[in-house]
Amino acid sequence: MSAARATRAPVKDQVLAGAVEVARSAAEDVAVGGHVGDHLGFELLADRVGTHYFASAVPGYLGWRWSVTVARVPRGRTPSVSEVELVPGEGALLAPEWVPWADRLRPGDLGTNDVLPYVAEDDRLVQGYEFTGDEDDADRQAVHELGLGRARVLSPRGREEAMQRWYDGASGPNAAPAKNAAASCSSCGFFLHLAGSARTMFGVCANEWSPDDGRVVSLDHGCGAHSETTEQAPAALWDATPPVRDEMDLIVLPPLNPLPEESADDAEPTGDDETDPDGGQAGPDPR
């Protein structure tokens, strides 16, 4: 029997349902400036507790309504006001669902003096090297020099997300400077490779004339400040045309420097044809 009483619907309450003017007066006390509109209805919430609704005329709150909750004591004939509030109705303009600052922060929102909250369970990071607490640990200095003394390091997911973000962004091959470049960063003398596995895809630009100076760039990125850019050839002063040749009227010209013809007198004498200075045949040498 008690369970049935707990689940039964509240009966009609004529006293609370008829307290329209009492509820309106309470709403007007809160909404200064005559911003209470027509009566929209009554809803019985429980035994001797109900709510009257009035249209809102508050500028900027279209679709909202005034909610005035009234109640009475058992066998009481005088209603009293419990609370007054402005609640959204059907079609009311609502603010977006509240999101914590740490969750709604986006890359580029961090200011100079802002500090990000610590994220204990960041799936982009994994546990790094930890010391045993021994102050005389001989490997302490070596570990610091190798860069293993950090509490956390990049996880495989963290490296993959970072590299994909760099490659798809303004430092990858799809950026406008890269598409217009004559050569890629992989052949540029100002390209500094990153350490570790990232060196196979990325490096840092060290050219102060480049728009990517000091930034991570991919091997297939590029810009107009490449170290091996070639000097452009100067434009011709006139347009060269092919020569015109008339094969029907050819003139054969002699060579400019003809070679002299060799005569018999200019021939060198041989030992067999040696002659006497007087014109006779020279005999054998008497000596």
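Residues numbered from 1 in each chain as written. Predicted model: local features only at pLDDT ≥ 70, side-chain atom pairs only at ≥ 80, totals over all residues. Heavy atoms only, no water.

Caption draft 1: How the structure looks around helix H3 (residues 20–30). Within the span of H3, buried status applies to Ala23, Arg24, Ala26 and Ala27. Buried residues in H3, looked at end-on, bunch into an arc of 160 degrees, giving them a common side. Among the exposed residues of H3, those oriented more than 90 degrees off its buried face are Glu21 and Asp29. In this structure, the buried residues of H3 make contact with strand E1 (36–46), strand E2 (49–56), strand E3 (64–71) and strand E4 (80–88). (Buried < 20%, exposed > 50% of the residue type's maximum accessible area, 1.4 Å probe, protein only. Helix = DSSP H or I, 4+ residues; strand = E, 2+ residues; numbered from the N terminus. Arc of directions from axis to C-beta. Contact = heavy atoms within 4.5 Å.)

Caption draft 2: Quick look at the sheet that holds strand E8 (residues 202–205). The strand order E7-E8-E9 describes an open sheet built from 3 strands, whose pairing is antiparallel. Edge strands, defined here as strands with exactly one partner in the open sheet, are strand E7 (191–193) and strand E9 (216–218). The sheet shows a mean angle of 50 degrees between the axes of neighbouring strands, direction not considered. Bridge count between E7 and E8: 3 bridges; the pairing is antiparallel. Along E8, the bridge assignment pairs Leu192 with Val204. (Pairing = 2+ DSSP bridges. Axes fitted to C-alpha atoms, helices over the stretch in contact; angles between N-to-C directions.)

Caption draft 3: Fine view of a nonpolar patch on the surface. Side chains of Trp101, Leu110 and Leu116 sit close together on the surface and give an oily, nonpolar patch of about 290 Å² of accessible area. Mapped onto the elements of the fold, Trp101 is located in helix H4 (residues 101–104). (Patch = residues over 30% accessible without salt bridge, like charges linked within 9 Å, V, L, I, M, F, W, Y side chains within 5 Å. Areas by Shrake-Rupley, 256 points an atom, 1.4 Å probe, with all protein chains shown as cover. Salt bridge = Lys/Arg side-chain N within 4 Å of Asp/Glu carboxyl O.)

Caption draft 4: Expanded view of the nonpolar core. One finds Leu16, Ala23, Ala26, Ala27, Ala31, Val36, Phe54, Val58, Trp66, Val68 and Val70 forming the largest nonpolar core, which totals 11 residues. When residues of this core are traced back to their parent elements, those giving at least two are H3 and E3. Those residues in contact with Val58 that sit more than four places away from it in its chain are His35 and Trp66. (Core = buried A, V, L, I, M, F, W, Y, C linked by side-chain atoms within 4.5 Å.)

Caption draft 5: Structural view of the sheet that holds E3. Strands sit in the order E1-E2-E3-E4 across an open sheet of 4 strands; the sheet is antiparallel. Looking at strand neighbours, the two that pair on one side only are E1 and E4, the edges of this open sheet. Neighbour to neighbour, the strand axes of the sheet diverge by 20 degrees on average, direction disregarded. With 7 bridges joining them, E1 and E2 adopt antiparallel strand pairing. When the sheet's bridge partners are listed, Glu43 is paired in E2 with Thr51. Packing of H3 onto the sheet brings it into contact with E1, E2, E3 and E4, and relative to E1 it is tilted by some 120 degrees.

Caption draft 6: Spotlight on the state of the cysteines. Per the stated rule, a full pass over the model turns up 0 disulfides. Of all cysteine sulfurs in the structure, the one in Cys223 sits closest to Cys185, which takes part in no disulfide; the separation is 6.1 Å. (Disulfide = S-S within 2.5 Å.)

Caption draft 7: Region of interest: the side chain of Ser218. By the element assignment, Ser218 lies in strand E9. Of note is the side chain of Ser218, whose polar atom sits 2.8 Å from the side chain of Asp220. Ignoring sequence-local partners within four residues, the contact set of Ser218 consists of Tyr167, Ser171, Gly172, Pro173, Cys185, Phe191, Met201 and Phe202. (Polar contact = N/O pair within 3.5 Å; in protein donor to acceptor, adjacent residues only side chain to side chain.)

Caption draft 8: Local environment of the pairing of E8. Sheet topology note: the E8/E9 ladder contains 3 bridges and is antiparallel. Of the residues in E9, the one forming a bridge with Val204 is Val216.

Caption draft 9: Up close: unusual backbone geometry. Phi at Arg48 takes a positive value of approximately 65 degrees, unusual for a residue other than glycine. Here Arg75, not a glycine, exhibits a phi torsion of approximately 65 degrees, which is positive. For Arg75, the location among the structural elements is in the loop between E3 and E4. Taking the relative accessible area as the measure of exposure, Arg75 reaches 80% and is therefore exposed.

Caption draft 10: Summary view of the pattern of salt bridges. Applying the stated rule across the entire model yields 3 salt bridges. The partner of Glu161 in a salt bridge is Arg157, with the nearest N and O atoms 2.7 Å apart. Of this pair, Glu161 and Arg157 are both found in helix H6 (residues 156–168), 4 residues apart, which corresponds to roughly one turn of the helix. For Arg157, a relative accessible area of 44% puts it in the partly exposed group. Sharing partners across several salt bridges, the network here consists of Asp123, Arg157 and Glu161.

Caption draft 11: Seen up close, H6. Compared with the 18 Å implied by 1.5 Å per residue over 13 residues, the 18 Å span of H6 between its first and last C-alpha is a close match. Listing the buried residues of H6 in full gives Gly158, Ala162 and Met163. Down the axis of H6, the sector holding all buried residues measures 120 degrees, keeping them to one side. Away from its buried face, by an angle of more than 90 degrees, H6 presents the exposed residues Pro156 and Glu160. Buried positions along H6 lie against strand E6 (152–154) and E8. (Expected span 1.5 Å × (residues − 1).)

Remember that the coordinates give geometry; whether it matters functionally is a separate question.
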